[in-house]
Amino acid sequence: MTGLIADLRYALRQLFKSPGFAAVAIVTLALGIGANTTIFSLVNGFLLRPLPYPEPERLAVVIRHVEGISPQTGQFAHDDDPTQDGKTWEEVRDQVPSVQAAVFGGTSGVNLVAGSGPGAEIRYVQDMRVSAQYFNVLGIAPILGRGFSAEEDRPNGPNAVILSYGLWQSALRGDRDIIGKPVTLKGEPYTVVGVLPRDTQVQGYGSVADLWTPLQPHQSGECGGQNCEIIVRLQPGANWQQVSAQLSHIRKDWIDEAAKEKFHGWFYVSPLAQNLDNGMREPVLLLMLAVGLILLIACTNLAGLMLVRITRRTPELATRLALGATRWKILRQLWAEGLVIALLGAAAGLLLGAVTLSLLQGFLPDSLLPLGGLRIDARVLAFTFVVSVLASLLFAALPALRVRRVDLRSSIAAGSLAVVQGSSRLRQVLVSGEIALTIVLLAGAGLLVRTLIHLQMLPKGFDPANVVTAKLSLDDARYRNPPAFQNLLDRSVAEMRKIPGAEDAAVGLSLPYERGLNDGVKVLDGKFAGKDWGSSMAYITPEYFNVLKIPVLAGRAFAESDTPNSQPVAVINTDFAREFFGEPHPIGRHVETSKHSYTIVGVVQNVVKSPGMGSDQPITTEPVLYLPATQTDQGLLNVAHVWFQPSWIVRTRQPLQGTQHAMQEALARVDSQLPFSGFYSMPELLAQNLARQRIEVALVVTIAGLALLLSALGVYGLVSNLVAQRSREFGIRIAFGSSIRAAIFDVGSDGLRAAVYGLLVGLAISMLALRVLRSQLYGIQYYDPLTLAIVIAVILAIAVLASVLPALRLANLDPAETLRTE
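Residues numbered from 1 in each chain as written. Predicted model: local features only at pLDDT ≥ 70, side-chain atom pairs only at ≥ 80, totals over all residues. Heavy atoms only, no water.

Colleague: So what's going on with empty space enclosed by the protein? Which residues, and what values?
Modeller: Applying the stated criterion across every chain, the model contains 4 cavities of 30 Å³ or more. Size it by volume and the largest cavity reaches roughly 100 Å³. Counting residues per element, the ones that place at least two in the lining of the largest cavity are helix H8 (281–312) and helix H21 (691–725). Among the elements that line the lining of the largest cavity, the one with the most residues is H21, at 4 residues. Split into classes, the residues belonging to the lining of the largest cavity amount to 9 nonpolar, no polar and 2 charged. (1 Å grid on protein atoms, 1.4 Å probe; cavity = no way out; pocket = protein on both sides within 12 Å on 5 of 7 lines; lining within 4 Å. Points joined across faces, edges and corners; volume = space filled by probe spheres on them. Helix = DSSP H or I, 4+ residues; strand = E, 2+ residues; numbered from the N terminus. Nonpolar A, V, L, I, M, F, W, Y, C, P; charged D, E, K, R; others polar.)

Colleague: I'd love a proper account of the layout of surface pockets, names of residues and values included.
Modeller: Within this model, the second largest pocket holds a volume of roughly 650 Å³. In this structure, the second largest pocket is lined by 24 residues; those nearest its centre are Lys 186, Leu 215, Gln 216, Arg 480 and Val 642. Within the residue set of the lining of the second largest pocket, elements represented by two or more residues are strand S9 (188–195), strand S12 (211–214) and helix H18 (634–643). Per-element tally for the lining of the second largest pocket: the top contributor is H18, with 4 residues. Taken together, the residues of the lining of the second largest pocket break down into 9 nonpolar, 9 polar and 6 charged.

Colleague: Now, about the pattern of salt bridges: what can you tell me, with residues and values included?
Modeller: Under the criterion given, the structure shown has 28 salt bridges. Between Lys 87 and Asp 253 there is a salt bridge; the shortest N-O distance is 2.9 Å. A residue pair is termed long-range when its members are at least 10 positions apart, and Lys 87 in helix H3 (residues 86–95) and Asp 253 in helix H7 (residues 252–260) qualify at 166 residues. Its relative accessible area of 29% is what places Lys 87 among the partly exposed residues. Note on Asp 253: relative accessible area 33%, which makes it partly exposed. Within this structure, Asp 85, Lys 87, Arg 251 and Asp 253 form a network of salt bridges that share partners. (Salt bridge = Lys/Arg side-chain N within 4 Å of Asp/Glu carboxyl O. Buried < 20%, exposed > 50% of the residue type's maximum accessible area, 1.4 Å probe, protein only.)

Colleague: Account for the environment of Gln 654, with residues named and values stated.
Modeller: Structurally, Gln 654 can be placed in the loop between strand S24 (647–652) and helix H19 (659–668). Residues Gln 654 and Val 467, spaced 187 residues apart in sequence, show a C-alpha to C-alpha distance of 9.3 Å.

Colleague: Outline the environment of Tyr 513, supporting the account with residue identities and numerical values.
Modeller: Note on placement: Tyr 513 falls in the loop between strand S16 (502–508) and strand S17 (517–523). The sequence separation of Tyr 513 and Met 682 amounts to 169 residues, and the corresponding C-alpha distance is 8.2 Å. Leaving out residues up to four positions away in the same chain, Tyr 513 has contacts with Lys 460, Phe 462, Val 608, Lys 609, Ser 610, Ile 619, Met 682, Leu 685, Leu 686 and Asn 689. (Contact = heavy atoms within 4.5 Å.)

Colleague: Could you give an account of the pairing of strand S21 (residues 590–593), with specific residues and numbers?
Modeller: The two faces of S21 differ: Val 591 and Thr 593 on one face are buried, but His 590 and Glu 592 on the other face are not. Judged from the 2 bridges that link them, S17 and S21 form a sheet pairing that is antiparallel. For Val 523, the partnering residue across the bridge sits in S21 and is Val 591. As defined by bridge partners, S21 adjoins strand S22 (residues 596–604) across 4 bridges and the pair is classed as antiparallel. By the bridge assignment for S22, Thr 593 is matched with His 596. In textbook terms, the turn of a hairpin is the stretch between consecutive antiparallel strands, and for S21 and S22 this stretch comprises 2 residues, one of which, Ser 594, has a positive phi near 55°. (Pairing = 2+ DSSP bridges.)

Colleague: Before we move on, could you go through the packing of aromatic side chains and cite the residues and values that matter?
Modeller: Taken as a whole and assessed by the stated rule, the structure comprises 18 aromatic pairs. Where Tyr 134 meets Phe 135, the ring centres are 5.3 Å apart and the plane angle is 80°; that geometry is what we call edge-to-face. Overall, the relative accessible area of 3% leaves Tyr 134 in the buried class. Seen in terms of ring centroids, Phe 135 and Trp 212 are 5.7 Å apart; in terms of plane orientation they differ by 85°. Their pairing is edge-to-face. Of this pair, Phe 135 sits in helix H4 (residues 134–138) while Trp 212 sits in strand S12, and the two are 77 residues apart along the sequence. For the pair Phe 135 and Trp 212, one class covers both residues: buried. Among the aromatic residues, those joined into a ring-pair cluster are Phe 528, Trp 533, Phe 576, Phe 580 and Phe 581. Here Lys 531 stacks its cationic end above the ring of Trp 533, 4.9 Å away from the centre of that ring. (Phe/Tyr/Trp six-rings, centres within 6.5 Å; stacked < 30°, edge-to-face > 60°. Lys NZ or Arg CZ within 6 Å of the ring centre and 35° of its normal.)

This is the structure:
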């Protein structure tokens, strides 16, 4: 230990003697370690950090598994789905005694009114619906009041609500006597029964809740379909094998039904932590792989720098060996230098990572953040320390090997320059390796950029210019009957048409770029009569197509004459016409949904939407059934309003300031207790739906740009070192008549040669490595000639620039002066 401390002190003195080298080395490593710290914090948050609940290893989610030969593709297919229906919940609750079970549904926006009169607090808040025992299963105890009772969790049970600490403080002003008092929620009174502790971390479906209400799960309502998730905690003395055995006896009816379709199905439990990653597992692992390559490139660069530094010190090291120092002691001292650089780089990298995480925490939406947010904890610190030690070993390895081959007599006699020249080829190999890894990162970044461009350039099918939209919750008891609902739509649309500069206004359950309501549709006539299909459904007011300027391709749009007492009608898009009827304009055909028959009266252009069925692409087109708001089944409306907030849409004649405020005032004249939850332009909706892709692209492009910078520095350093080594040689050649241009080309070609070798190796590696991106690519293949051509052009351009700039120093070479000084 004494020897190691002495080596570290000597290493610090050596670095102080070479501040330029130390600064470059530390900054290079800080960039690599900072990137790894940032992305590992994401991996830690999503995949590694224990859940903030007591004994999190005893928590799990029930998964429904099905597998078999797909009749559509003829290939083996399987699916693991955490969403369950009410019957599955009842059987888990009653037939799996080894666990304490609860169930939770969706998280959606609702309207809260706290207090009364002019001072009432009116807010749009996020409501998560959970069953009794939910907080007991998680191990969360309210700081005030209690959890939900069994009576409150039955259908038509008493209205109760549990508040988050933040909402209790802000909307209820921290009233400690709030338990038992009413608040108005969803248009009716709810009794406050509990308040959760500060910083309680409960998240579902990517949204953080402000309050919780009883789910009241049963075989209809929200849990009537596959819309709920079952969470379980292992009972004391039980084990997961017992749970699996008990799960094998539930839902025999579903298993038998799957067998008729030649599929096998069963239920199992999966750790809760694996089901709260918000779909970020694959993206963050890919990012971790990318920053791992960055660190490898940084270490390769540092190995080249250390190689030059150590070979220039070879006479010194040979002298020390001649005076009795052991090779092991010199190797240890050189590693100590690398360790000091690594630790200083790690400290700077941690600071850089902390700043980056702070920016990401404020920039990322809740749906893309892990439970508990992003932070640097003990696991991240340990990772950074281990990475820094490994990095020091990695970039000190090659120089250390050079020391082992030092020949005392030749090293002392030949001088430093002769020894330095022997390291050039090895450094060229290192630079080629850097560029090969950079090619992989640049190609991956290029593919993701091309994917994002493809998604953004999809034909919109509507005109987004000068459109302002606003959402509000109609999960409200006051609007669960048709007259009140229709009166709200009619009056609010009429008020918004009065806004100065407004061209028209409308209401729709969903908008372009958004997901529609999934609903079953039966074709009643035509080529596919009798078939049941899944479709996206949206109710709209008559002005909807006109406001968004969606072309009507056949038939007509809805009219004011389409009333509850007139013939039920529907409009479909071109995807619906092609897939459901096999003809472009099926005017007069009939479909059935929610036990009501509708006549097709129009076909409209496809618009880009977030898919709800059968596609994992962020935005695309899919079959859509449009129904008049006046003729949509009220039961379906009430269910839809649990998950969806309809949008009020205003098109102005030109971009106008104050439209949002005018829309809120117009709505307040109709109902002052309906707050809009947010205002959006159509480009903002597109950005929301592509948020994950945009963030992935930004991170990967930053990582690839960092790799390109490090590789450029590697080429620049290689050529600069060659210029320094061969100045005497070129001085003699120029003195005997060789041209400066030939000298520049000679030394610059070494950098270009290293770049070309790295380019060829990198392209070969890319053909294999880029396959891991297939699930992230849409509209292009992982082998995309255009992307690779652009990457090749960028690498060659950077390599030429990094090679020529240091080589140009030879233009100022004075042969006479060089010969005198060498």
